[in-house]
Amino acid sequence: NQLSQQQGCSLFMTLLALFQVLLYRYTGQRDIVVGSPIANRHYKEIEGLIGFFVNTLALKTSFEGNETLLSVLQKVKETTLQAYQHQDIYFDQLVDYLDVPRVLNRNPVFQVEFSLDSSLNDTPHTLSGLTIQNIGTPLIVSKFDLRVGAFEYEEGINISFDYATDLFEEEMIKRFAHNFAELIKAALKKPSQLLHDLSLLTSQEEHQLLIA
């Protein structure tokens, strides 16, 4: 949150930038496109309506190689703000406009989704004599190759990983999660470092690679 405030960004933008850096480091691809859901309730006329208005944004970051997290964060900020301005264009319209071929085993435009939910807390809600609490519902089928959800609580941030088991083993996702945590730590310690100098490895992985 402090880094976000210093850079004039939201927490979502900062976490998204870090996540896209991780994908860039893993894949070596210069263009990283990540999908993200948005409430799409920015008009006052629909504030009181009941219904599902959620849309999906495709957020693309292009990496040049010799840059820092701070420069990437500004790119993500600009891209995200532009996407918010065009959130009325539904994802299906975007796919049709880009004339992306439809295939049954892959989501068009992006295959990885990232989201942040800051509305969660452990305080019970009451409504007309009722006590309400959140109940987690496990996903039976992953909608994307990989879906990463960040959940902000007062005491910290939890990050969950939903993934296609046909593509990834559980141990792979655990390693990916640990690398994400290490990247966040390294970035917060020195955000002005070049991307390739930010450490992804846990102490156990460093020992395995450098000594064992």
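None of the values given here were measured: they were computed from a predicted structure.

Now for the nonpolar core. F19, F114, L146 and L195 are the most contacted members of the largest nonpolar core, which totals 41 residues. Among all residues touching L195, those that are not within four sequence positions of it are V21, Y24, R25, F63, E67, T68, L69 and V72.

Moving on: the packing of aromatic side chains. Evaluation of the coordinates by the stated rule reveals nine aromatic pairs. Ring geometry for F19 and F180: centres 5.8 Å apart, planes at 55°, overall tilted. Separated by 161 residues along the polypeptide, F19 in helix α2 (residues 11-27) and F180 in helix α5 (residues 170-189) bring together distant segments of the chain. Exposure remark for F180: the relative accessible area of 1% places this residue in the buried category. Ring geometry for F91 versus F110: centroids 5.3 Å apart, planes at 65°, classification edge-to-face. One end of the pair, F91, is in helix α4 (residues 91-98); the other, F110, is in the loop between α4 and β3 (112-117), and 19 residues separate them in sequence.

Pairing geometry for strand β6 (residues 146-153) and strand β7 (residues 156-163), over eight bridges, is antiparallel. Within β7, the residue paired with V148 across the bridge is F161. Between the end of β6 and the start of β7, which pair antiparallel, lie two residues.

Per the stated rule, a full pass over the model turns up nine salt bridges. Put simply, K185 and E182 hold a salt bridge, and the shortest N to O gap is 3.6 Å. Remark: E182 and K185 occur in helix α5; sequence separation between them is three residues, near one turn of the helix. Taking relative accessible area as the criterion, K185 reaches 53% and is therefore assigned exposed. Taken together, the shared-partner salt bridges connect E64, E67 and K75 into one network.

With that settled, the discussion passes to α5. The terminal C-alpha atoms of α5 lie 29 Å apart, and with 20 residues this matches the ideal 28 Å at 1.5 Å per residue to within 8%. Those residues of α5 that sit buried are I173, F176, N179, F180, L183, I184, A186 and A187. On an axial view of α5, the arc spanned by its buried residues comes to 165°, and they lie on one face. Those residues of α5 that are exposed and angled more than 90 degrees off the buried face are E171, K185, L188 and K189.

At a minimum axis separation of 9 Å, α2 and helix α3 (residues 69-85) run at an interaxial angle of 120°. In terms of axis orientation, α2 runs oblique to α3. In the crossing of α2 with α3, the sense of the turn from one axis to the other is right-handed. Contacts from F12, M13, T14, L16, A17, L18, Q20 and V21 of α2 reach α3 at L69, V72, L73, V76, K77, T80, L81 and Y84. Looking at the contact of α2 with α3 residue by residue, the classes come out as 12 nonpolar, three polar and one charged.

Residue position: T68 is located in the loop between β2 (55-62) and α3. Given a relative accessible area of 19%, T68 falls into the buried group.

Conventions we followed
- Residues numbered from 1 in each chain as written.
- Predicted model: local features only at pLDDT ≥ 70, side-chain atom pairs only at ≥ 80, totals over all residues.
- Heavy atoms only, no water.
- Core = buried A, V, L, I, M, F, W, Y, C linked by side-chain atoms within 4.5 Å.
- Buried < 20%, exposed > 50% of the residue type's maximum accessible area, 1.4 Å probe, protein only.
- Contact = heavy atoms within 4.5 Å.
- Phe/Tyr/Trp six-rings, centres within 6.5 Å; stacked < 30°, edge-to-face > 60°.
- Helix = DSSP H or I, 4+ residues; strand = E, 2+ residues; numbered from the N terminus.
- Pairing = 2+ DSSP bridges.
- Salt bridge = Lys/Arg side-chain N within 4 Å of Asp/Glu carboxyl O.
- Expected span 1.5 Å × (residues − 1).
- Arc of directions from axis to C-beta.
- Axes fitted to C-alpha atoms, helices over the stretch in contact; angles between N-to-C directions.
- Parallel < 35°, antiparallel > 145°, perpendicular 65-115°, else oblique.
- Left-handed = near helix turned anticlockwise from the far one by under 90°.
- Nonpolar A, V, L, I, M, F, W, Y, C, P; charged D, E, K, R; others polar.

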